[in-house]
Each structure stands twice: as structure tokens, then as C-alpha cells.
Amino acid sequence: MAKRVETDSLKTAMVVFGALAFGWMAIELAFKPFLDKARKALGKSDPDHDNDIDNDADAPPPPLA
């Protein structure tokens, strides 16, 4: 009886793993254009670059109180 429970749990784990893999592949294929654009944008991004600093460089300094 214990052998059957072990076999059933292994089969269940394999079915769950297969379903997760299939779902992941389906999402990758369905959203491929969007994911490619997002990955390309992330590859170009620079985490050390702050747009606020660049935008404020052209602005005049605040008036003194």
C-alpha cells in the first residue's frame, strides 16, 4: 500500500510539473512580442542613470528666500 501511495504522489508531481511547464510555454508564445520589447528595454536601461537629475540641469536654480 505504501508503494502505491509513493507512485501516485510521483505521478501527481509529474503531472503538475508538466502542466506548469506547458502553461509557461503558452504564456511565452502568446506574449512573445511584448516580452521581447520589455526585455530589450530592460537591457538598455541603466539603473545608475537618474532622469530627474538630467531634467533639472536645464532648469534655472530656485530663487533664494
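Bear in mind that the values here come from a model prediction, so they are computed numbers and not experimental data. (Residues numbered from 1 in each chain as written. Predicted model: local features only at pLDDT ≥ 70, side-chain atom pairs only at ≥ 80, totals over all residues. Heavy atoms only, no water.)

### A closer look at the overall build of the protein chain
The number of helices and strands found in the protein chain is three helices and zero strands. Reading the helices (α) and strands (β) of the protein chain from amino to carboxyl end gives α-α-α. Evaluated residue by residue, the protein chain yields a buried proportion of 0% over its 65 residues. When the accessible surface of the protein chain is totalled, it reaches about 6500 Å², and 68% of it is carbon and sulfur. (Helix = DSSP H or I, 4+ residues; strand = E, 2+ residues; numbered from the N terminus. Buried < 20%, exposed > 50% of the residue type's maximum accessible area, 1.4 Å probe, protein only. Areas by Shrake-Rupley, 256 points an atom, 1.4 Å probe, with all protein chains shown as cover.)

### Topic: the confidence of the model for the protein chain
Looking at the protein chain, pLDDT values average 82 and 74% of them are 70 or higher. Ranking the helices and strands of the protein chain by mean pLDDT puts helix α1 (residues 2-30) first, with 92, and helix α3 (residues 51-57) last, with 60. (pLDDT = per-residue confidence, 0-100.)

### So, the pattern of salt bridges
Taken as a whole and assessed by the stated rule, the structure comprises three salt bridges. Note that D36 is salt-bridged to K32, the shortest N-O span being 3.9 Å. Here the residue D36 and the residue K32 both occupy positions in helix α2 (residues 32-44), the gap between them amounting to four residues, near one helical turn. (Salt bridge = Lys/Arg side-chain N within 4 Å of Asp/Glu carboxyl O.)

### As for the packing of aromatic side chains
Within this structure, the stated rule accounts for one aromatic pair. Pairing F31 with F34 gives two aromatic rings, centres 6.5 Å apart and planes at 50 degrees, and the pair type is tilted. The class of F31 is partly exposed, set by a relative accessible area of 44%. Residue classification places F34 among the exposed residues on the basis of a relative accessible area of 57%. (Phe/Tyr/Trp six-rings, centres within 6.5 Å; stacked < 30°, edge-to-face > 60°.)

### So, a nonpolar patch on the surface
On the surface, I27, F31 and F34 cluster together to form a nonpolar patch covering roughly 340 Å² of accessible area. Here I27 shows up in helix α1. (Patch = residues over 30% accessible without salt bridge, like charges linked within 9 Å, V, L, I, M, F, W, Y side chains within 5 Å.)

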